[in-house]
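Examining the three-dimensional arrangement
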Amino acid sequence: MHTLLIANRGEIALRIIRTARRLGLRTVAVHSDADTGAPHTRAADVAVRIGPTPPGESYLSIPALLAAAKETGADAVHPGYGFLSEQADFARAVVGAGLTWVGPPPTAMDAMARKDTAREIAEAAGVPVLKAIPLTSPVEPEAGSVGRFPLLVKAAAGGGGKGMRVVRAEDELGPAIAAAGREAAAAFGDDTLLLEPYVEHGRHVEVQVLADEHGNVLHLHERDCSAQRRYQKVLEEAPAPDLDPAVRDALHRWAVNLARQVGYTGVGTAEFLVDTRQGIEGAWFLEMNTRLQVEHPVTEEVVRVRGRRIDLVEQQLRVAAGDDLGFTQDDVTVVGHAIEARIYAEDAFGGFLPQAGTATRVRWPASTGSTNVRVEAGLEDGTVVPAAYDPMVGKIIARGPDREAARHALVDALDDTAIGGLVTNTGFVRALADSGAFRDGDVHTAWLDTHALPAPDPGPALVAAAWSVAASAADDGGDGWRLGGPPADAWVELDDVVLRVSTARGEVRRDGEPPTSCRAAGRLGGADLLELDGVTARFVVDVRPRSVEVSTRGHTFRFTRPGGTRATEADLSDGVVVAAMPGTVTRVEVADGETVTAGQALGVLEAMKMELALTAPSDGVVRVRAAAGEQVAARQVLFVMEEPDV
């Protein structure tokens, strides 16, 4: 193995390139038109265009990837995660082309790719599973055959939370099956579903396994990924906290037995659902991921082999090259605790809708002597986040001697993160990591779907923006933060709000409200410190001619200055349905001129692997402004409601 092609993009491509280069391998990056000049293309030794932006014509095109390998002389392929990473047909094509596949055998991938067949293999290996009913949508099971509610409808193929619905009553079952089937077909090309009991307050615990071609199968302990929203992981940690030792040992044993049963080699993950109230009787196999996991860094941060850190990408490459693992289970230990936060381009306080755009300013936290922080990201100043791909843009991992130390380190790292020009969930994951529920271990897989975190208060950011605008004006374009500031009052207009700033008196006042005392308190790292009413906080401020962006506590706020433009929902009447994000209108359920009622389905918008139902905001006659299959921009008008003729 001398030249490795990475059949992926973004942060995982960068992660693989880093290890491959350390091992002396030449690296090849691939990219679509949307990723021309992206960080992963610059990091590799060679970058090859494989097609236009749509993933089906680029990252999911097996012929294009094999052609790139041939063109560059690559003799090995690493799929990363997502895209084709769990497609056995891709693995077979790679091997058939005479290349080394950095992953498990295609036979193992075939066996574990589907949740239904994986369950059968798990049972044969002595691993407990929840009873399930297979069905193909949109066919509903016969009445009385599904058992007690609540139930979980989930796709038999694929993962990542796609094609999953919780059903709590019989009248919800049909719509849930239809929606989950459509989503599964779109994401995985297979609408086969499973119906199983839904475990309330369950924890998601997964075990990392590692196996070679010489019969060695080990576990690298476990991770807890219970902090999820809509079955998408948000925070992950290792080891799993407060887990019964008997349950922990059983999960480790089951994962190893499962890997042996299926003839697994390389890095993989066995995922389990755990009801901690039932002990070992409350643990069941969910699925096996036959690839590197997004959350693998938390395992790398705490697992030691003979006292040294483990690199899972290195292990993948060595196993693919035919090497023996070279160590035993007794050599594997765990030191400390690590927690990872996934950073998504999404509006976490607006329904978790994916976002697209250009990152104007990106500031990731740095690891210092007192804080051990690791960043895996493919986002930098000027990076374009397209609507065509998964919205995850990076990961922040913090490690400490224990869970509380790691949690505090993560909150501090998220405080030190600022992403401008793009809506992200950074503030949301910061609030979750800082919450009492996460601190006390009360967060289960459905917790975020039933508990709302407080929306961010823009007040402190508005004050910081006004202070910075006034100070930068006085400095004639200087650093924007100073202990002196303008000698007289400055009037600053932001978002149609006029604020009076006086650094001489140390206050910012808006009409009709008491003043906020302010004092510039220096800098910490790359952030400015401002004391507001006696409380010092970090702010990253970007003053532009027509806008000001302020990042604080993970949240980024954008304020318009006079002469700028600001689009608001108030600009649109209540009878207009717009695209909440750029995407594709996959279905239109009504005809132009049809009379509809409030809440009636109008169509479906799909973007970044997510399906969003569009409904009528009121009774009336609907005018259709978009067609099925049409690509639309954010805030594009899709439907307009009119008063019915009398």
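Rules behind the numbers
- The written sequence of each chain sets the order in which its residues are numbered from 1.
- Local features in this predicted model are restricted to residues whose pLDDT is 70 or higher, and side-chain atom pairs enter the listing and the counts only when it is 80 or higher, whereas totals over whole chains, interfaces and linings include all residues.
- Side-chain descriptors were evaluated using all non-hydrogen atoms of the structure, hydrogens and water having been removed beforehand.
- Two rings from Phe, Tyr or Trp (for Trp, the six-membered ring) form a pair when their centres are within 6.5 Å of each other. A pair whose planes differ by under 30 degrees is stacked, one over 60 is edge-to-face, and the rest are tilted.
- A run of H or I in DSSP counts as a helix once it spans at least four residues, and a run of E counts as a strand once it spans at least two, with each numbered from the N terminus.
- Here the term buried applies to any residue with accessible area under 20% of the maximum for its type, exposed to any over 50%, and partly exposed to those in between, with areas from a 1.4 Å probe on protein chains only.
- Whether a charge lies above a ring is judged from NZ of Lys or CZ of Arg, which has to be within 6 Å of the ring centre and within 35 degrees of the ring normal.
- Paired strands, in this sense, are two strands between which DSSP finds at least two bridges.
- Any two residues having at least one pair of non-hydrogen atoms within 4.5 Å are treated as being in contact.
- Orientation is described by lines fitted to C-alpha atoms, with helices fitted over the stretch in contact, and by angles between N-to-C directions that extend from 0 to 180 degrees.

**Considerations on the packing of aromatic side chains**
- According to the stated counting rule, one finds nine aromatic pairs in the structure shown.
- For the ring pair Y59 and F83, a centre distance of 5.0 Å and an interplane angle of 15° mean the geometry is stacked. Note that Y59 is positioned in the loop between β3 (46-51) and α3 (62-72) and F83 in the loop between β4 (76-78) and α4 (88-96), a separation of 24 residues in sequence.
- By relative accessible area, Y59 is classed as buried at 1%.
- Seen in terms of ring centroids, F83 and Y389 are 6.1 Å apart; in terms of plane orientation they differ by 80°. Their pairing is edge-to-face. One end of the pair, F83, is in the loop between β4 and α4; the other, Y389, is in the loop between β24 (384-385) and β25 (392-400), and 306 residues separate them in sequence.
- For Y389, a relative accessible area of 1% gives the class buried.
- Clustering of aromatic rings is evident, with ring pairs tying together Y59, F83 and Y389.
- One cation-aromatic arrangement involves R229 over Y344; the distance from NZ or CZ to the ring centre is 5.1 Å.
- Sitting over the face of the ring of F438, R403 holds its NZ or CZ atom 4.5 Å from the ring centroid.

**As for the sheet that holds β4**
- With parallel pairing, five strands are arranged side by side in an open sheet as β3-β2-β1-β4-β5. Across the chains shown, the open sheet's two edge strands, defined by having one partner strand only, are β3 and β5 (100-101).
- As judged from the two bridges shared by β4 and β5, these two strands associate in the parallel manner. Residue pairing across strands places A76 opposite T100, the latter belonging to β5.
- The strands that helix α1 (residues 10-22) touches are β1 (3-6), β2 (26-32) and β4; relative to β1, the one it contacts most, it runs at about 170°.

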